[in-house]
Amino acid sequence: MVKFFTKRILCLLLVVWIVSVLAFVMMRLAPGDAAVMALPDYASEAQIEAMRAKLGLDKPYITQYLMYLGNLLKGDLGTSVLYEKPCLDVIMERLPATLSVTIVCSALVLIISIPLGIIAGVNKGGPVDFFAVLFALLGQSMSVVWICVLLLLLCSVKHNWLPSMGYNGLFDVKYLIMPAIAMGYKMCAGMVRMGRSGMIDVLNEDYITCAYARGLSRFEVNCKYAFKNSIIPVITLFGMDVAAMLAGAVIIETTFTIPGIGSMLVKAVSNRDYPLTQSTLVVTAAMFAIVKQVVDIVNAFIDRRMKLN
């Protein structure tokens, strides 16, 4: 167990370091000058040079990165040029909105996808199976932008059922329903397809036949043997999707005006806010890696054949 966690922590640190390098390089390769973007249009050349010195942009690239990495190791993510406050404070202010949408979306996906996928797999060729296949096909074929526009048209413009934009906290769910549906429909479709195919494959295994030969009922076989083994790839897919949602759904947050990490990252990149962009990418990469480790641990507890090594 200790060896497992040690290796995973080292992998997490490696991922964060690689992302920090990539973020640094990509921001420097992007067109535009961060010092110019941080100042008004009428700023003089002397003011621009002073801003470059303040941001450390007058130093060689390797020096800039080593300074950033040194601050990162000390827990200092830098100061945002756009918001004029520590990057960590800006990220923590935006994180609750992204978490709220992620929680509501995850709940909807779990409630719909797992029962539908499992029932479709158990009753292959039946009406539920046909509906599940159609649902998965349509869900994975439709564009996120199209779904956002459709939801706004039906639920806000024509019927005024839900507010079209904004965010009012986790407990004011009416602001989160449309973003959660728009974010989760493709994820839900993928999990239904994965759960259905996994259940069908498991039910064709020899040990399922042996279980029936021992006199176990269909309900016992499906719940005790088939479900446990078919759910592992679904959990893995769910974990990766949740990690991606935590990284910030740019289209969703921009469309519904949700003050989350995704919309903040777009604004930071547009304004060449190097510290905030780099820090956001590092934090989201760390969250992604942590969720992946949690998924591996959950899978190991579900299936004892998987060892934590």
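Residues numbered from 1 in each chain as written. Predicted model: local features only at pLDDT ≥ 70, side-chain atom pairs only at ≥ 80, totals over all residues. Heavy atoms only, no water.

**A word on the packing of helix α5 (residues 87-122) against helix α6 (residues 127-141)**
Helix-helix packing: each pair is described by the crossing angle between the helix axes and the interaxial distance.
1) Next: The N-to-C vectors of α5 and α6 enclose an angle of 130°; their axes lie 8 Å apart at closest approach. Here α6 runs oblique to α5, going by the angle between their axes. Taken as a pair, α5 and α6 cross one another with a handedness that is left-handed. Across the interface between the two elements, Leu-116, Ile-119 and Ala-120 of α5 pack against Val-128, Asp-129, Phe-131, Ala-132 and Phe-135 of α6.
2) Next: Looking at side-chain class alone, the contact of α5 with α6 contains seven nonpolar, no polar and one charged residues. (Axes fitted to C-alpha atoms, helices over the stretch in contact; angles between N-to-C directions. Helix = DSSP H or I, 4+ residues; strand = E, 2+ residues; numbered from the N terminus. Parallel < 35°, antiparallel > 145°, perpendicular 65-115°, else oblique. Left-handed = near helix turned anticlockwise from the far one by under 90°. Contact = heavy atoms within 4.5 Å. Nonpolar A, V, L, I, M, F, W, Y, C, P; charged D, E, K, R; others polar.)

**Some words on α5**
1) Next: When the terminal C-alpha atoms of α5 are compared, their 50 Å separation across 36 residues agrees well with the 52 Å that a helix rising 1.5 Å per residue should span.
2) Next: Taking the largest bend as the criterion, α5 deviates by roughly 30°, centred on Leu-95, and proline Pro-96 comes between one and four positions later. (Expected span 1.5 Å × (residues − 1). Bend = angle between axes of the 7 residues up to and from the residue.)

**Examining unusual backbone geometry**
1) Next: Of note, the phi angle at Asn-160 is positive, near 55°, even though the residue is not glycine.
2) Next: As for its placement among the helices and strands, Asn-160 is situated in the loop between α7 (144-158) and α8 (177-203).
3) Next: Residue class for Asn-160 comes out exposed when judged on its relative accessible area of 61%.
4) Next: Even without a glycine there, the phi angle at Thr-257 is positive, about 55°.
5) Next: With respect to the secondary-structure elements, Thr-257 resides in the loop between α11 (250-255) and α12 (261-270). (Buried < 20%, exposed > 50% of the residue type's maximum accessible area, 1.4 Å probe, protein only.)

**What about the side chain of Ser-263?**
1) Next: Checked against the element boundaries, Ser-263 lands in helix α12.
2) Next: Ser-263 gets classed as buried once you look at its relative accessible area, which sits at 17%.
3) Next: In this structure the side chain of Ser-263 is engaged in a polar contact, spanning 3.2 Å, whose partner is the backbone oxygen of Gly-260.
4) Next: When sequence neighbours within four positions are dropped, the list of residues in contact with Ser-263 reads Arg-94, Glu-253, Thr-254 and Ile-258. (Polar contact = N/O pair within 3.5 Å; in protein donor to acceptor, adjacent residues only side chain to side chain.)

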